[in-house]
Amino acid sequence: MISAHTVETVRAAEEVAKAALPAGTLMQRAAAALDVVCADLLRDTTGGVAGRTVVVLAGPGDNGGDALLAAARLARRGAAVTALLTSGRVHTEALAAARRAGARSRPWRPGDESTCAAADLVLDGIAGIGGRGGLRPAVEGLSALDGPVVVAVDLPSGLDADTGAVTGEVMAADVTVTFGTAKPVHLLAPAAARCGQLLVVDLGLDLPAPAVERVEPGDVAARWRRPAPTDDKYSRGVVGVVAGGPDYTGAAVLAVEAAVRAGAGMVRYVGPAHPTELVRQRRPEAVAGPGRVQAWVLGPGVSPDDPEQQARIRDALASGEPAVVDAGALHDLPDGLGPHHVLTPHAGELARLLGVERSAVEADPLTFARRAHAETGATVLLKGSVTTIVGDRVLTAASATDWLSTAGAGDVLAGVLGAALAGRPHDDPAVVAADAAVLHGRAAALASAGGPLAALDVADAVPAALTSLPGWAERGRVPSKGAPTS
Ligand SMILES: NC(=O)C1=CN([C@@H]2O[C@H](COP(=O)(O)OP(=O)(O)OC[C@H]3O[C@@H](n4cnc5c(N)ncnc54)[C@H](OP(=O)(O)O)[C@@H]3O)[C@@H](O)[C@H]2O)[C@@H](O)CC1
Ligand SMILES: Nc1ncnc2c1ncn2[C@@H]1O[C@H](COP(=O)(O)OP(=O)(O)O)[C@@H](O)[C@H]1O
Ligand SMILES: [K+]
């Protein structure tokens, strides 16, 4: 997991750490990490460090201070460093250190965007966790910078550390080096896409529970339910699927296929004759008709005007079993939902559910996912290039390729999540949902291999995605409890 903490929490932890350390220690740790990252990037992109041109943008606060101390280190490596001061104020000791090491410095001038564009690398120390609103007008043009490698100090300037919202111009980064812990901005859409690759530098801060966490593939390997010698098909979890209808058959096939591939003990399809027949043809393993289930997948491809399927959805939601509530099941939500009901809307569906504009949801997904969780009591998984999950915790999944934005991909996610809920009845549904989203994204990456993909291929790639997770094979070698060890 990558943990993110709010500015208030970080500042409190920083005060405690600072009191126990010689003055300037944390800034020097930050600068040392920036120096190593920048030097590595210069070597990768230009073949060396000495003689390469680096522009360091230094704002008025400690973010600028970090950047200037890194400038000093890069200048000592022989890089040609120019510090451009973007404010009337500057961290004076750090500026003096940069100058002593041979860096040149001067105030930012109109047109300096071209100075930046001509550099091999630009280090953005305009604003960090003290940043509010978009870039100030004088430096606004940096949002269109094209060419050099951009490294953000702590976070891209123009963003607010505590939210994923983008409210103005932003200096987008190729790499963001953040200190002590990630901040919500690094993990939440849409801002996360402006951060590039994220590197977290450990400063030894003592931090409480995070505000937001990103689930990583290795976390999924450690938690995904594996069968034990004592398991049978029922104990592994039976998934009931209410998907498709007389006129919409694809979603039924996709959701069933995905649930089978994700390791359900058994999949039970409940629906009209035509999709039932197609499901049978594609997956003879699935059984048809009602019966006991451990988790439901409700709504993919179900029309709001299909009284039979909608009745099945109502019964399933009233049954008390965990459920994925997707697409056609999101239209008329009953009262009394709980955390074991996982709503899986995309931005348009969530907007309709809450009576707001789709653009508002896309601009600040966490705010609206939180609202839906508060209003319904259900766990909310809001789909997108970053998937945001809100339950007792706020989690994100960002493993998907953009090629996944294709018809039927959501039906596959619903099936994968149904299998996960059925097999993990005692786990936090928000964690189960995030794990399913990460696995779905990995399967998409395998199915895509950098090119277009079909949703059914994503379902078929789920077993390979599981076994490719970092740590999967190692964990598989640990003998299960009570098993002979020799
Ligand atoms: N916490 C930690 O553990 C550690 C923290 N460390 C470092 O300290 C940094 C925080 O430093 P900080 O508190 O001095 O604030 P900081 O981010 O430099 O911004 C201040 C000024 O920027 C300006 N400004 C604001 N928004 C802007 C915008 N959109 N566009 C342009 N300018 C904008 C605004 O001035 P204004 O423009 O309003 O005059 C404001 O006063 C942190 O990010 C990390 O790098 C590390 O050294 C080690 C450990
Ligand atoms: N740009 C993107 N990059 C990665 N994944 C995406 C992107 N856009 C959408 N997705 C994912 O693709 C899936 C699309 O689901 P959905 O919108 O419900 O499609 P459908 O209803 O056609 O099945 C979701 O899992 C979502 O997270
Ligand atoms: K910055």
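Residues numbered from 1 in each chain as written. Chains lettered and ligands numbered in written order. Predicted model: local features only at pLDDT ≥ 70, side-chain atom pairs only at ≥ 80, totals over all residues.

Draft legend 1. Examining the UniProt feature "binding site: AMP" (unreviewed entry) in the chain more closely. Sequence positions flagged by UniProt for "binding site: AMP" (unreviewed entry) are, in local numbering, Lys383, Gly384, Ser385, Val386, Thr387 and Gly410. The largest pairwise C-alpha distance within this set of annotated residues, which runs over 28 residues, is 13.6 Å, so the set is compact in three dimensions. Structurally, Ser385 can be placed in the loop between β16 (379-382) and β17 (387-390). Contacts of Ser385, omitting those with residues within four sequence positions, involve Ala189, Ala400 and Asp402. Position of Thr387 among the secondary structure elements: in strand β17. Ignoring sequence-local partners within four residues, the contact set of Thr387 consists of Leu381, Leu382, Thr396, Ala397 and Ala437. (UniProt positions renumbered as here; feature names shortened; annotations may be inferred. Helix = DSSP H or I, 4+ residues; strand = E, 2+ residues; numbered from the N terminus. Contact = placed C-beta atoms within 7 Å.)

Draft legend 2. Broad picture of the site of ligand 1. Taken together, 32 residues surround ligand 1, and among them Gly61, Asp62, Asn63, Gly128 and Gly130 come closest. Only α1 (7-19), α2 (25-46) and α3 (62-76) provide two or more residues apiece to the shell around ligand 1. Per element, the largest residue contribution to the shell around ligand 1 is 4 residues, and it comes from α3. A breakdown of the residues in the shell around ligand 1 according to their chemical character gives 12 nonpolar, 13 polar and 7 charged. (Near = placed C-beta within 6 Å. Nonpolar A, V, L, I, M, F, W, Y, C, P; charged D, E, K, R; others polar.)

Draft legend 3. Here's a closer look at the UniProt feature "domain: YjeF C-terminal" (unreviewed entry) in the chain. The feature "domain: YjeF C-terminal" (unreviewed entry), as annotated in UniProt, sits at residues 216-469 in this numbering. Strand forms 13% of residues 216-469 and helix 45%; the C-alpha atoms that close the span are 9 Å apart.

Draft legend 4. Structural detail: the nonpolar core. With 172 residues, the main nonpolar core has Leu68, Ala71, Leu123, Val241 and Ala259 as its most contacted residues. Looking at this core, the element that brings in the most residues is helix α15 (residues 429-448), giving 13 residues. Domain assignment of the residues forming this core places at least three in each of domain 1 (2-210) and domain 2 (218-476). If near-sequence neighbours (up to four positions away) are discounted, Leu123 is found in contact with Leu34, Cys38, Val54, Val56, Leu57, Ala67, Ala70, Val151 and Val153. (Core = buried A, V, L, I, M, F, W, Y, C linked by C-beta atoms within 7 Å. Buried ≥ 20, exposed ≤ 12 C-beta atoms within 10 Å, placed from the backbone. Domains from an automatic or database assignment.)

Draft legend 5. Focus on helix α10 (residues 307-318). Given a rise of 1.5 Å per residue, 12 residues ought to cover 16 Å, and the 16 Å separating the end C-alpha atoms of α10 matches this to within 8%. All of the buried residues in α10 are Gln309, Gln310, Arg312, Ile313, Ala316 and Leu317. Angular distribution of buried residues about the axis of α10 spans 155°; they occupy a single face of the element. Those residues of α10 that are exposed and aimed more than 90 degrees away from the buried face are Pro307, Ala311 and Ala318. Lining the buried residues of α10 we find β10 (238-242), β13 (295-298), β14 (323-325) and β15 (341-343). Gly320 sits one or two residues past α10 and shows a positive phi near 90°. (Expected span 1.5 Å × (residues − 1). Arc of directions from axis to C-beta.)

Draft legend 6. Looking closely at the site of ligand 2. Around ligand 2, a shell composed of 17 residues is seen, among which Lys383, Ser385, Ala400, Ser405 and Gly410 lie nearest. Residues belonging to the shell around ligand 2 are distributed by class as follows: 5 nonpolar, 9 polar and 3 charged.

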